[in-house]
Structure formats: C-alpha cells, structure tokens
Amino acid sequence: MNIAIITAMPEETRAVLKATGPAESRKIGGLKAFRCRTPQHDLLLVESGMGFKNAAFAAESLLGESRPDLLISAGFCGGIAPELRVGDVAVSIGLCVVAGGVVQQVPVEIAAAGRNFIARQSPAGARVFASLFAGTQSIMAKKDLAPLLPPGAPCPVVEMESSAIAIVAVENGIPFLGIRTVSDPADEELGFSLEEFTDHHLRIRPHRVALTILRKPWIIPQLIRLARNSRIAADSLSQAVARLLASL
C-alpha cells in the first residue's frame, strides 16, 4: 500500500520514524522528508512545520511527487473532551475548521481503516477514541473553543494541521486518516501564545522562547510539564502508528 504521512514538528516526525523503521532522507518542496519501504507498504513521510498554511503546502508538494492510496495526518493534539488523558490516541471521524467564532465542517472521505482501527483497539483495552478534530490557525483557549463545537461532538481534540491536509485530500480524491495523541488535556490552558515563540512562518525560534520566558517566568513549570507530556505523547504516537500500519 502506498501511504503518505504528514507531521508538523520534529518530535512528531521522530515518533513516526520510530514506528516505520529505517528510512531514507530526502527533500520534497524544500521540506524534510523520509521514504521507508516495508514488505507491506511504501511510506513517504513529510514534516510540514506548524499551522494550516504549512500543512497545506506540504500536502500539495507531496501529491506533486506521489499519489498515495492513503494520506495520514499524524502528531499531537490538545484534548477538549474532559475524559481524554495525556497519551490517549484520537482517530478522526470528522474534521472542522474554527476561525473567527465560526465552525466549518470539512467534507472529507474518512478512510475506513480509521474506523476499523478504532473498532479493533478499543475492545482490546487501548485508549483509542473516535474524535472530531477541530482545526485552529493559532492557539485558542479550550474553554472558548469547546462551546463553538457541534453539540454531541465525539471526543473532540484541537490541533492546527489536519483540516488543511484533509482539504487537499478531498480536492484530489484521496482517502484521509488523522491519528493524534494527546499532549495537553482539557484542563491545561497554555500561558503563552504561539506567536510569542515563533516567527511569521510558525517556526519556533529559541531566542523568542527565551525572551518570552524572561517576560513570563511563571510559565516555566508549565513548559516543563508540557515537555514531559510531549514525551508521553510521542511514545504513544509511535506505538499507535505501528499498530495502525500493521492493520493496513
């Protein structure tokens, strides 16, 4: 099976590569990419950078190089549903974009493999949830986002890239699957904005991080906690992607 995977951050990329095995590095559209071939699959992984625009560019660049049978968005997410814990696995059964207080559904074909994966994993005791992926263009307080979502939305999570990738998949008639692991639960509200840490391309800049910490030293305990949670989410993502690929 020809599978393409898009991640946003290096931590997510390393987690996926741990699941896929040895890979050959390359560039696609100027972006860091990796190809891995197994007896079952031909895998192409692209690291997009954070945000809607970067994810859309990565998906378009990838499809200019290859036409996969399945396009996967993999990485971390924030839990909106209170039952979600750090390290839990969320698999998309729907996506929406939230901007300016308006919610717009993404009319994407969700690959049957996602629902099948949920059906097999949950009875086995794994914490795998069928989720609505809410996409935002910047960090948004979960308490402000939650009331905007459709009533009864299944185990919603928030992240910034999957909707953009899904839209490109829709436009090209390619099945989409989103798989994310929770790095911050519903009661964890960030004490900083993404813009404080990044440049205008949403790339994290160490000097901006340092300046923000100097201005807001009270966020240090949160950053330590988030780093620990990200390691848990990365381990969970590796295991989930490995199980997903084995099921395809």
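Preceding block: the structure.
Residues numbered from 1 in each chain as written. Predicted model: local features only at pLDDT ≥ 70, side-chain atom pairs only at ≥ 80, totals over all residues. Heavy atoms only, no water.

### Some details on the overall build of the protein
Thinking step 1. If you tally the helices and strands in the protein, you get eight helices and 10 strands.
Thinking step 2. Against the compact-globule benchmark of 18 Å for 248 residues, the protein has a radius of gyration of 17 Å, which places it among compact chains.
Thinking step 3. Projecting the C-alpha coordinates of the protein onto the three principal axes gives extents of approximately 50 × 40 × 35 Å.
Thinking step 4. Burial analysis of the protein (248 residues in total) assigns 53% to the buried set.
Thinking step 5. Long-range contacts, defined here as pairs at least 24 residues apart, represent 75% of the contacts in the protein between residues at least 6 apart.
Thinking step 6. Surface exposure of the protein reaches about 11,100 Å², of which carbon and sulfur atoms provide 57%.
Thinking step 7. Looking at charge distribution, the protein has the averaged site of its 25 positive side-chain charges lying 4 Å from that of its 23 negative ones. (Helix = DSSP H or I, 4+ residues; strand = E, 2+ residues; numbered from the N terminus. Rg over C-alpha atoms; globule rule 2.2 N^0.38 Å. Buried < 20%, exposed > 50% of the residue type's maximum accessible area, 1.4 Å probe, protein only. Contact = heavy atoms within 4.5 Å. Areas by Shrake-Rupley, 256 points an atom, 1.4 Å probe, with all protein chains shown as cover. Lys, Arg positive; Asp, Glu negative; His and termini not counted. Charge placed at Lys NZ, Arg CZ, Asp CG, Glu CD.)

### Observations concerning the pairing of strand E1 (residues 2-7)
Thinking step 1. Among the six residues that make up E1, five are buried, leaving the element largely enclosed by the rest of the structure.
Thinking step 2. Pairing of E1 with strand E4 (residues 42-47) involves six bridges; the strand directions are parallel. The partner of alanine 4 across the bridge, within E4, is leucine 44.
Thinking step 3. Relative to strand E5 (residues 70-79), E1 is paired through four bridges, and the arrangement is parallel. By the bridge assignment, alanine 4 is partnered in E5 with leucine 71. (Pairing = 2+ DSSP bridges.)

### Quick word on the packing of helix H3 (residues 112-121) against helix H8 (residues 220-247)
Thinking step 1. Closest axis-to-axis distance for the H3/H8 pair is 10 Å, and the angle between their directions is 110 degrees. Accordingly, the angle class assigned to the pair H3 and H8 is roughly perpendicular. The hand of the H3/H8 crossing is right-handed. Across from Phe117, Arg120 and Gln121 in H3, the residues of H8 making contact are Ala240, Arg243, Leu244 and Ser247. (Axes fitted to C-alpha atoms, helices over the stretch in contact; angles between N-to-C directions. Parallel < 35°, antiparallel > 145°, perpendicular 65-115°, else oblique. Left-handed = near helix turned anticlockwise from the far one by under 90°.)

### Let's talk about the environment of alanine 130
Thinking step 1. Residue placement: alanine 130 occurs in strand E8 (residues 128-135).
Thinking step 2. Along the sequence, alanine 130 and alanine 119 sit 11 residues apart, while their C-alpha atoms lie 9.3 Å from each other.
Thinking step 3. Residues in contact with alanine 130, not counting those within four places in the same chain, are Val91, Ile93, Ile118, Pro154 and Cys155.

### Some words on the environment of leucine 70
Thinking step 1. Position of leucine 70 relative to the elements: it lies in strand E5.
Thinking step 2. Given the relative accessible area of 2%, leucine 70 is considered buried.
Thinking step 3. Each C-alpha atom of the pair leucine 70 and methionine 1 lies 8.2 Å from the other, and the pair is 69 residues apart in sequence.
Thinking step 4. Not counting the four nearest positions on each side in its chain, leucine 70 is found in contact with Met1, Asn2, Ile3, Ala4, Ala111, Ile174, Pro175, Phe176, Leu177 and Leu248.

None of this, on its own, says anything about what the molecule does.
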